Amino acid sequence: MKNNKGYRNSEGIESVSQAAKLAVIAGAITTLGDAIATIAAGLALEDELKENESNSNDIDKLQKQIDELNYELKQLKKMLR
């Protein structure tokens, strides 16, 4: 009777080794993908902040124009009295 304890064939070890290598590669690819996604989200957030700043500047300009028109309207009303 053969004692098979501790007996491993080379194919079993090789397939486990290949599986471990593939798992490490898959993990690295996943990590890289997550890093790229994080960078993309950061860039999108930066673009959104710039757009909001631009919109805020536009609103400020419009408010200034409204204020100037109100001033001119008051001046015209004074002239017509």
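Everything discussed here concerns the structure shown above.
Overview of the structure. These numbers were taken from a predicted model, which means no experiment stands behind them.

### Topic: the overall build of the protein chain
If you tally the helices and strands in the protein chain, you get one helix and zero strands. Carbon and sulfur atoms make up 60% of the accessible area of the protein chain, which totals about 7,900 Å².

### With respect to the pattern of salt bridges
All chains considered together, the criterion is met by one salt bridge. Between Glu46 and Lys50 there is a salt bridge, and its shortest N-O distance comes to 4.0 Å. Separated by four residues within a single helix, Glu46 and Lys50 lie in helix α1 (residues 10-80), roughly one turn from each other. The class for Glu46 is partly exposed, based on a relative accessible area of 41%.

### Concerning a nonpolar patch on the surface
Among the surface-exposed residues, Leu22, Ile25 and Ile29 lie close enough to one another that they form a single nonpolar patch of about 320 Å² accessible area. Of note, Ile29 is situated in helix α1.

Definitions and cut-offs
- Residues numbered from 1 in each chain as written.
- Predicted model: local features only at pLDDT ≥ 70, side-chain atom pairs only at ≥ 80, totals over all residues.
- Heavy atoms only, no water.
- Helix = DSSP H or I, 4+ residues; strand = E, 2+ residues; numbered from the N terminus.
- Areas by Shrake-Rupley, 256 points an atom, 1.4 Å probe, with all protein chains shown as cover.
- Salt bridge = Lys/Arg side-chain N within 4 Å of Asp/Glu carboxyl O.
- Buried < 20%, exposed > 50% of the residue type's maximum accessible area, 1.4 Å probe, protein only.
- Patch = residues over 30% accessible without salt bridge, like charges linked within 9 Å, V, L, I, M, F, W, Y side chains within 5 Å.

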